[in-house]
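# Analysis of the macromolecular model
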Amino acid sequence: MTKTALFAVHHQENCPVCGAELVIRSGKHGPFTGCSAYPECDYIRPLGPRSDGHVIKILEGIPCPECGADKALRQGRYGMFICCSHYPDCTHSETIDQPDDTGISCPQCQQGELVQRRSRYGKYFHACSRYPDCQFVVNTRPVAGECPACHFPLLTEKKTAKGVRLICASKVCGKPVAEDNQEK
């Protein structure tokens, strides 16, 4: 079916607001159902039912801690996750990728720890666990240590042609640590 033919098909349902016929329309985020009396009536809704991810595999023998049913591996909007097989009735869910525990305190606030996070583009970075109160972020793997030049209390690993080097995590300094100062 062509795109123009798809949007010419009537939905055979009436608008709950004004009673006019609902039609399939196209928007910047894809097709949706909208009122044919637009712009007088601005009722819209998603075209299909919203799903919370489809089941990939039932993990038999692994019970849910909340209701006792088997757990399931699902593919959702933000990737794969493990949840109860009775999801969304039982809301227990777990992430598959556990973040790295660095154990390094935040150099900016000295109260939180640096934890691994994942951006919306799939890249990993390390940020303070007290976010949004503290917004310290480094894009490379943090290493405990002090910069000999500016005495900033954090170093980061950087991969170069010469191998892995330690660099000062301060945005002001950013100097590489000499190889004789690097502890291996």
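What this report covers is the structure whose coordinates are included nearby. Fair warning: this is a prediction, and the values are worked out from it, not measured in the lab.

Rules used throughout
Residues numbered from 1 in each chain as written. Predicted model: local features only at pLDDT ≥ 70, side-chain atom pairs only at ≥ 80, totals over all residues. Heavy atoms only, no water. Helix = DSSP H or I, 4+ residues; strand = E, 2+ residues; numbered from the N terminus. Buried < 20%, exposed > 50% of the residue type's maximum accessible area, 1.4 Å probe, protein only. Contact = heavy atoms within 4.5 Å. Core = buried A, V, L, I, M, F, W, Y, C linked by side-chain atoms within 4.5 Å. Pairing = 2+ DSSP bridges. Phe/Tyr/Trp six-rings, centres within 6.5 Å; stacked < 30°, edge-to-face > 60°.

It is worth spelling out the overall build of the protein at this point. Helices and strands together make up the secondary structure of the protein, namely one helix and 15 strands. Counting all 184 residues of the protein, 29% fall into the buried class. Of the contacts formed within the protein by residues at least 6 apart in sequence, a portion of 15% connects residues at least 24 apart.

With that settled, consider the nonpolar core. Proteins that are soluble and globular tend to have nonpolar side chains buried together. Counting 17 residues, the largest nonpolar core has C106, L114, C134, F136, F152 and L154 as its most contacted members. For this core, the secondary structure elements donating two or more residues are strand 14 (154-160) and strand 15 (163-168). Core analysis: the second largest hydrophobic core is formed by six residues, C15, L22, C41 and Y43 among them.

Moving on, we come to the pairing of strand 10 (residues 113-118). Direction of pairing for strand 10 relative to strand 11 (residues 124-128): antiparallel, over a ladder of five bridges. By the bridge assignment, V115 is partnered in strand 11 with A127. A loop of five residues connects strand 10 with strand 11, the two strands running antiparallel in sequence, and G122 in this loop sits at a positive phi of about 90°.

This paragraph deals with the environment of H126. Within the secondary structure, H126 sits in strand 11. For the pair formed by H126 and V138, sequence separation is 12 residues and the distance between their alpha carbons is 5.4 Å. H126 has contacts with T102, V115, Q116, F136, V137, V138, T140, R141 and P142, leaving out every residue within four places of it along the chain.

As enumerated under the stated definition, the model contains two aromatic pairs in all. Their ring planes at 35° and their centres at 6.5 Å tell us that F136 and F152 sit as a pair that is tilted. Placement of the pair is F136 in the loop between strand 11 and strand 12 (137-138) and F152 in the loop between strand 13 (142-144) and strand 14, with a sequence separation of 16 residues. Across this residue pair, the class does not change: F136 and F152 are buried.

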